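So the chains spell out like this:
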Amino acid sequence: MDFKTVRQTMTVNEVVYSTNGEIPVDEDFVLPDFYPEITKILKHKALLRIASKSANSMSVEIDGHICITLLYSDKNGCLHSFEHISPFNKTFDSDVDVTGGTVHCKIKQEYMNCRALTERKAAVHGAFSICLQVKAKKQHDIIVDIDDDTVQVNRGECKFLNAIGNSEKNYLIEQELELSNSHQSIDSIIRCDAVPVITEIKAVRNKAAVKGNLALSLLYSSGKQCIPYKSVIPFSQFIDIQGISEECICTGKVQLCFLEVKPRSVDGEWRSMSLCAKLNITVETFCDGEVPVINDAYSTRYNLDIQHTKVNLEKIAGHINDSFMFKKTFDFQEGTIVSVIDSWSEIETETCRFEEGIIKVSGNVTVCFLVNDKDGRACYLEKKSDFEYSKNIDFKLEGNPLCSPVIEPVTSSFAIISDSCIEYRIEYKINLSLCEERVIPLLTEINADDKEKDRHNDGCSLVIFYANKGESVWEIAKRYNADIKDLKEINSIESENLQSNKKLMIPRV
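Residues numbered from 1 in each chain as written. Predicted model: local features only at pLDDT ≥ 70, side-chain atom pairs only at ≥ 80, totals over all residues. Heavy atoms only, no water.

Q: How would you summarise the overall build of the protein chain if you had to cite specific residues and measurements?
A: Within the protein chain one finds two helices and 21 strands. For a compact globule of 509 residues, the expected C-alpha radius of gyration is about 23 Å, and the protein chain comes in at 31 Å, more than 25% above that figure. Principal axes of the C-alpha set define a box for the protein chain whose edges measure 105 × 50 × 40 Å. The buried share of the protein chain, taken over its 509 residues, is 45%. Long-range contacts, defined as pairs at least 24 residues apart, comprise 77% of the intrachain contacts of the protein chain with a sequence gap of at least 6. In the form shown here, the protein chain has an accessible surface area of approximately 26600 Å², with 43% of it arising from carbon and sulfur atoms. Taken as two groups, the 59 positive and 77 negative side-chain charges of the protein chain have centres that lie 3 Å from each other. (Helix = DSSP H or I, 4+ residues; strand = E, 2+ residues; numbered from the N terminus. Rg over C-alpha atoms; globule rule 2.2 N^0.38 Å. Buried < 20%, exposed > 50% of the residue type's maximum accessible area, 1.4 Å probe, protein only. Contact = heavy atoms within 4.5 Å. Areas by Shrake-Rupley, 256 points an atom, 1.4 Å probe, with all protein chains shown as cover. Lys, Arg positive; Asp, Glu negative; His and termini not counted. Charge placed at Lys NZ, Arg CZ, Asp CG, Glu CD.)

What follows is the structure in structure tokens.
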């Protein structure tokens, strides 16, 4: 027996494929002839940068490169830096069709070892782990109402993020950076890093307007001196996404795919640098959606065959745009520190959790120092420390909390306490959207066997039931297959749960 139903289509973003993998690093490289020989390796760093991601048919392909930076000193104690680039390609075979999906990757360095094989040759061995997800728009055809006198329906409303569209775009920044008059000319670049951050993202008609900054930090040598240099380069882009409007919610991520900074000679002086940076910007767009749902249903006369589909629904509960201070005193071997050449930090988020009205983000900060010791030699020092950021929030969460915080350094300072102790301070800016994820069973099919008509008729026209305070009126009516409207009317009940112990008269159909 088929019922007359009202259906509605809802569109949500769902994870259609997820997996984990490993990208090994096994690289041997030789310094060019014009580089000084290696006396001591001070620091090595390996970064995995993704240039492109594609989901087609039954596979996901990722291309990029591994950038290995070697910081070392020569026989005279001078600092030098060498960069080695190794391309990689990784293909993941999926058991579902992922065409049109958006690929999300989370990279973590598991371990990395470096050693000098000769005065001109070094070897780096390690591995990166990659956590991969493919999200795609998925439509669900659900039943939102049933038009039949024999079927009792418990109705509700479900709020969710209605997926509109997503897109990604590669953006190239090319810029000439001029030194100020107070800066000395450049001999060589020793250390270079850049952090891209989205500062604003808005939806306009069929486009997402993205603004952000690329914070560049480097150290260069000039004679026997090492000089820090910082610059902030703004960027902005329009990304085409059909179907979005000003009312839509936009979330975005930006990743650095490629970075190159080279000194340039102007009129015989090396007082400028050419910057080339490639960014990958990913934008997802949603609108607040609300759909009527059927929480439960039963028939006063028939056995019902009800089918549900479980859907993961996400909803943005709130936003946090805040800052916090990390302060730590680090102790080293006595006589190690005479002066600090350079300092920087690397932050890694481990967990983001919600506890009794408080959001907590924790992880670790690796603080790095280049110093001169008592013998005038350059030394590299490193310390790792845990951090935790917490904030009271005034919005409620009903489901599983989800958040991916973006943390960027704002300002940093240090103070030399002694020849073995440094106090380090850094202010971080944290930006996150806190989402909640709920698994909701939604009604997709309902049928009845009309041959079992009157299966509930046991000859009683009225049942007396002694109910307790707090019991659900719906559950009582369902237990006896009663018409809930008649039950409420006969017993003068207006609420969904009983306010006190009560004797109920339950009419039977």
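Q: Give a detailed account of the sheet that holds strand β7 (residues 151-178), specifying residues and quantitative values.
A: What holds strands together in a sheet is hydrogen bonding between their backbones, with the strands either parallel or antiparallel. Taken in spatial order, the three strands line up as β7-β12-β11 in an open sheet, and their pairing is antiparallel. Of all the strands in the sheet, just β7 and β11 (249-266) have a single pairing partner and so form its edges. Pairwise comparison of adjacent strand axes, ignoring direction, gives a mean angle of 5 degrees for this sheet. (Pairing = 2+ DSSP bridges. Axes fitted to C-alpha atoms, helices over the stretch in contact; angles between N-to-C directions.)

Q: Give me the lowdown on the layout of surface pockets, citing residues and values where you can.
A: Taken as a whole, the second largest pocket encloses approximately 940 Å³ of empty space. Lining the second largest pocket we find 33 residues, and of these S81, F82, E83, I189 and V261 sit closest to its centre. Among the elements of the structure, β2 (40-56), β3 (59-73), β4 (79-93), β8 (188-204), β11 and β14 (339-355) are those that each provide at least two residues to the lining of the second largest pocket. Within the lining of the second largest pocket, the residues separate by chemical class into 19 nonpolar, four polar and ten charged. (1 Å grid on protein atoms, 1.4 Å probe; cavity = no way out; pocket = protein on both sides within 12 Å on 5 of 7 lines; lining within 4 Å. Points joined across faces, edges and corners; volume = space filled by probe spheres on them. Nonpolar A, V, L, I, M, F, W, Y, C, P; charged D, E, K, R; others polar.)

Q: Describe unusual backbone geometry, naming the residues involved and giving the relevant values.
A: In this structure, S57 takes a positive phi of about 55 degrees despite not being glycine. Within the element layout of this structure, S57 appears in the loop between β2 and β3.

Q: Kindly report on the side chain of Q152, identifying the contributing residues and their values.
A: With respect to the helices and strands, the residue Q152 is situated in strand β7. The class of Q152 is buried, set by a relative accessible area of 7%. Reaching out from Q152, the side chain makes a polar contact with the side chain of D483 at a distance of 3.5 Å. A polar atom in the side chain of Q152 sits 3.1 Å from the backbone nitrogen of I484. Setting aside its immediate chain neighbours within four residues, Q152 contacts D296, A297, Y298, T300, W474, A482, D483, I484 and K485. (Polar contact = N/O pair within 3.5 Å; in protein donor to acceptor, adjacent residues only side chain to side chain.)

Q: Describe the pattern of salt bridges, listing the residues and the values that go with them.
A: This structure, assessed with the given rule, holds 25 salt bridges. Of the charged contacts in the structure, one is a salt bridge between D145 and R155, with a shortest N-O distance of 2.6 Å. Of this pair, D145 sits in strand β6 (residues 121-147) while R155 is found in strand β7, placing the two residues ten residues apart along the sequence. Its relative accessible area of 49% is what places R155 among the partly exposed residues. When the shortest N-O distance is used, the salt bridge between R191 and D342 registers 2.9 Å. (Salt bridge = Lys/Arg side-chain N within 4 Å of Asp/Glu carboxyl O.)

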